[in-house]
Structures are given as structure tokens and as C-alpha cells.
Amino acid sequence: MGGPAHTPPETRREIPTRWWIVGAVGAVVVCLGLCALAVLLSGGAYWLVAQEKIPNPFASQTPTPTLTLTKTPRPTRTLTPTRTRKPSLTPSLAFTPAATRTPTLTATLAANALPPEGPWLVFDSQDGLWVVNPQGRGLKRLWADRPLLPEGLQANAAPQGGLLAFMAYRELRSGEEVPALHVVSLPEGRVERWLLAVRPLAGAGEESLRALVSRNGLAWSPDGRKLVFAAVLDGPSVDLYLLDRQDHSLRRLTDLAGDEFAPAWSPDGSTLVYFSSDVDAQGVEWTEVWTVEPISGRNMRLLERASSRPALAGWSGLHQFLLYRRSEICGGFDLRLGDTLRPYSDPLVKGCFGGAAVDGESSNIVFSVSQAQAAYCPCADEPEPAGVYFLPGGQGLPQQLSGREALDVRWLPDARLFFTASAQGWARAYSAAGAPVGIPADVLGTLPSVGSASGLWAWYSPRNAAPPRGLWLGSNRQQARMIYAGAADFPRWGPAGNTLLFFDGTALMAAEGPDFAPLRRQTMPSAPVDAVWVWR
């Protein structure tokens, strides 16, 4: 019944099938290995032949002349007829426009860009702050709204470092707008630092806020490292603060009852002169003159309080400065030399005068007296007669240089001349030693802008001057040549002395040497109010 056990068919087929598969895979692997070896050997043989390391086994099948022609013509291939048949290639390669376009394009881009190392001409208008390069190109808007510039841009530019500081309104989260100090770096126009000039909880009075926005409160140190600014941060009145750009420190310099303004650094950067004013119950403003040493913080009063506002005419040496007071009746009066090292000074001129200026190198002073000031001066028992006066070294009695009426005096350092104004304009000039200097007849009434690099003089007549208006090129010894018949506001010489930038209304003009024919560079939305160079 039961026969021998039989192996199932599936089991009997499993063993031989598996071995066939293993054998097939092994054969394929062996074949692939042999093929790879053959490829490597053949490739190595060809590489050795190319490198000429072993003799070519197929060289006998190639005719010897053919082999010689392949190797020997290498140095003479540049002379083969295939290249000499196209002589036009030589001039096209030699005069390809790519070689001339590159420097032209580079020069064009550079002329239309703001140089990273400066300088840059910044000007103020109703539409904000703008900047151009020394050629009058690359116009860029630095600030959209007009900042608070009570006395123009001259005090806002750092002597070096490529920085511009100004006050501008900034909106708080509450929606209130308060003045804030902004320090902007050029040419990017990046706000390097800003801080509120009014602390909301300081309790600033109305008079203090008015003084903060209507009087100059900025002054850069001679090295451009420190900035003094006015702010209401630690009490109800305006104080002066010192911002150090190197260590980023902020210190309070003054703590008087009044409002401090008009800071001015001494030439060596050791002392600051400033004014402090307050208003009494009757609405009368009283002003004092003070100094402060930024390092020690020591304050010293130089001039007692008076109901007339003082003015600083300039520095006479490292520690002395020309100081006077102004009133609506007299103009200028009480002219004296202040000294940062002593708390007192003697008046040089007690009577009224129109204008005063000082040469910082020689300490020589020139002041003017008008006919009305000589006749109706209430400040002195014996006022000076009308004319122009000279004080050598700021000492002694005034010496009369001219008996003609003069309304104002200005010292131009680049020209090394004092200029005096009459009703007809700036009509006379005097050297630093008080000697009269002739002015070309065709530029009488105008002032020069002197290029320190080139020595060229640009005599200009601004828009608010009496006709004729124009721009002349020359010097104080040559006949001036008119280069522009129109108003010339804020003429500024470029750093190289071969470009003169100026404004005629909303037009920015550039006069480039050697012919100095003015060309319109830009047209602004509104006429500029002031312009200043900013240096790196």
C-alpha cells in the first residue's frame, strides 16, 4: 500500500536552476573584467605612444615622410598660407574696438558715479539734501525732507571722515514729531547714528524748543572725531552734549539754567566757546558767553549777561577770538578779544560798527563804520568816524585805512584779503597787513571764490546781488574774463582746481578747464540754499 516516498517536483528543479544562475552571473563578471582590462591596456598604449615613451608599433604602416611633416612644421604653422590668405585679420585684431571701449566705458561710469573716497558737494534745498561728485554728476538724494539748518550747511560737515550731521524731525510711535540728531556717512547716505534731541519726559519749555530748532547747536572738532550738539535730555533747558565717534560715548558738557547754543571749537580742539541765554518775566532775553573744556568738563564765564546777543567773528590764534555784541539800533558794538585762558577781556572798540573780521594767522583785525553809525551811535561818547579801520595784532588804537563809508567786512582766507562792502557791493580790498589792493574794474561789487589747488579766481554775482550778474575768471591782478552771463550762486572749486561748480536758480552748472565754458549738469526741483564740500 505504501510505496517509496517521492521528492516533489518543485524540490527536484530548485537545485539545478540555482547553479545555472550562479554560473551565468560569474561568466558575465569575467567577461566584463576582461573587457575593462583590454580597454585599460589599449588606452595606456595610446597614452604612451602620445607621450613618445615607447615606439609606436604601427609606425611601420605609416609612411615616414608623413610622420616627419606632422612633427616638424609646428614652429612654422603660423606662417602657413591658411593664415596669410586672410590679411584682413591683422588689422581687425590690432584695431578691435574692445580695447578702446573698455577704458571709455570705465571713465564714463566713474564720471557719473560718486567717488568712494570723496570729496562730495552737498547742497540743501526745499526738497532735502542732495550730493554730486566733483564734476557735478552722479546726483543723489541724501535726505528727502529739508533738515533744520538755522545757519546753513557750513557747520554740519565734518572736517574729515565723510560725515554730515544735522537736526531733522523724527516721528515717534505716538505720532509726535520731535527733533533728532542724524549723522550720515557719504557717499552711501547711510544714517550712521541718530538720537532724539528732545526727551519726552524732560519737560522742555516752549522757549527752549524754539531755541533748539532756530539756533545753531552743532560743531565738529578740528579732527572730526567729536561732535558737540544741543539737546533737551536732562532737564527743561537746552544743554550741550559731546558725542565721541571713536568710543561712541555721550557726555553732557553744560548744566546752566539757560539755553546753550552756538558752540565753536578752538583751533587746537582744547576748548569750546558757547552762549547761554534765558528770558525773564518781562520777555527780555539775556545772554552770557562761556567756555568749556571737553576733557575736564570745566565751564568758565567770559562775559556777563546782557540784553544784546553776542557774536563770534573768528579765531585769533589758538586761544583768542574776536567777539562783539549786536543790537537792532547799533549793529555791532563792544568789539573785544576774548581768551579761553582768562575770564575777562578789555574792549577794543566801544562804539558802533558795521562789520568786523580777523585774520587768524596775523591776528590783524579790520572793521567798518557807516555814516549812520558814526552820527547816531548811542554806545560811546566819541564814536569812530565813518570809514575802514585796522587793528594790527588786535592791539593798540584803531588806524583808519579809508574815510569812505563801509557797511560790512569779510576776510577770505584763500585770497588772503579783507573785503569791504558799500552800497554798490564789495568794492574795496586790503591785504592782511592793511595795504589797499586793486580790484579789476569789471568785477567791482563782486566777491571771488579762489581755487586753492589752481590759484584761479572766480568773481561771482549771486542772484540777490545788484546787476550786472555774472561769473568772471581771473585774479586780483589780471583783467577778468566773463564766462557766464547770469546769476552764479554758491560757486565751489573742485579739489583739482580745474572744475568750478555753481548754481543759476535750479540749474547746476559746471565750468571745466581749460576754456571753462559753463555747461548745465543737473536741473533741480528747487533752487539750493547752501552748498558745502564733504571730505573723506
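Note: the structure precedes this text.
Residues numbered from 1 in each chain as written. Predicted model: local features only at pLDDT ≥ 70, side-chain atom pairs only at ≥ 80, totals over all residues. Heavy atoms only, no water.

Chemist: Help me understand the pattern of salt bridges in this model?
Modeler: In a structure, side chains of opposite charge can pair up when their charged atoms sit close to one another. Considering all chains together, one arrives at 20 salt bridges under this definition. Its salt-bridge partner being R199, residue D234 comes within 3.9 Å of it at the nearest N-O pair. Here D234, found in the loop between β8 (226-231) and β9 (239-244), pairs with R199, found in the loop between β6 (190-196) and α6 (206-214); they are 35 residues apart in sequence, far enough to count as distant. In this structure D234 comes out as partly exposed when scored by relative accessible area, which is 41%. A salt bridge links E304 to R301; the shortest N-O distance between them is 3.8 Å. Assessed through its relative accessible area of 52%, E304 is described here as exposed. A single salt-bridge network, built from bridges that share partners, covers E206, E207 and R210. (Salt bridge = Lys/Arg side-chain N within 4 Å of Asp/Glu carboxyl O. Helix = DSSP H or I, 4+ residues; strand = E, 2+ residues; numbered from the N terminus. Buried < 20%, exposed > 50% of the residue type's maximum accessible area, 1.4 Å probe, protein only.)

Chemist: Please explain α6 as it appears in this structure.
Modeler: Residues spaced three or four apart along an α-helix point in a common direction, a consequence of the helix completing one turn every 3.6 residues. Turning to α6, its buried residues are S208, A211 and L212. Buried positions in α6, seen along its axis, are confined to an arc of 100 degrees and lie on one side of it. Those residues of α6 that are buried are in contact with β5 (177-185), β8 and β11 (259-265). (Arc of directions from axis to C-beta. Contact = heavy atoms within 4.5 Å.)

Chemist: Please clarify how the nonpolar core should be interpreted in this entry.
Modeler: L181 and F229 are the most contacted members of the largest nonpolar core, which has 31 residues in total. Of all the secondary-structure elements, those providing two or more residues to this core are β4 (163-171), β5, β7 (218-220), β8, β9, β12 (272-279) and β13 (285-292). For this core, the element with the highest residue contribution is β8, accounting for five residues. Ignoring any residue separated from it by four or fewer positions in sequence, one finds L181 in contact with A165, F166, M167, R193, W194, L195, A197, L218, L227, F229 and L243. Within the second largest apolar cluster, 29 residues are counted, among which are V443, W459, Y460 and A488. (Core = buried A, V, L, I, M, F, W, Y, C linked by side-chain atoms within 4.5 Å.)

Chemist: Hey, could you run me through the sheet that holds strand β15 (residues 309-316) in this one?
Modeler: What links the strands of a sheet is backbone hydrogen bonding, and the strands pair in either a parallel or an antiparallel sense. Taken together, four strands build an open sheet; the order of strands is β15-β16-β17-β18 and the sheet is antiparallel. Looking along the sheet, the strands with just one partner apiece sit at the ends: β15 and β18 (347-349). The average undirected angle you get between the axes of adjacent strands in this sheet is 30 degrees. In terms of strand pairing, strand β16 (residues 320-327) meets strand β17 (residues 331-339) through seven bridges, oriented antiparallel. The residue bridging L322 from the neighbouring strand is L337, located in β17. (Pairing = 2+ DSSP bridges. Axes fitted to C-alpha atoms, helices over the stretch in contact; angles between N-to-C directions.)

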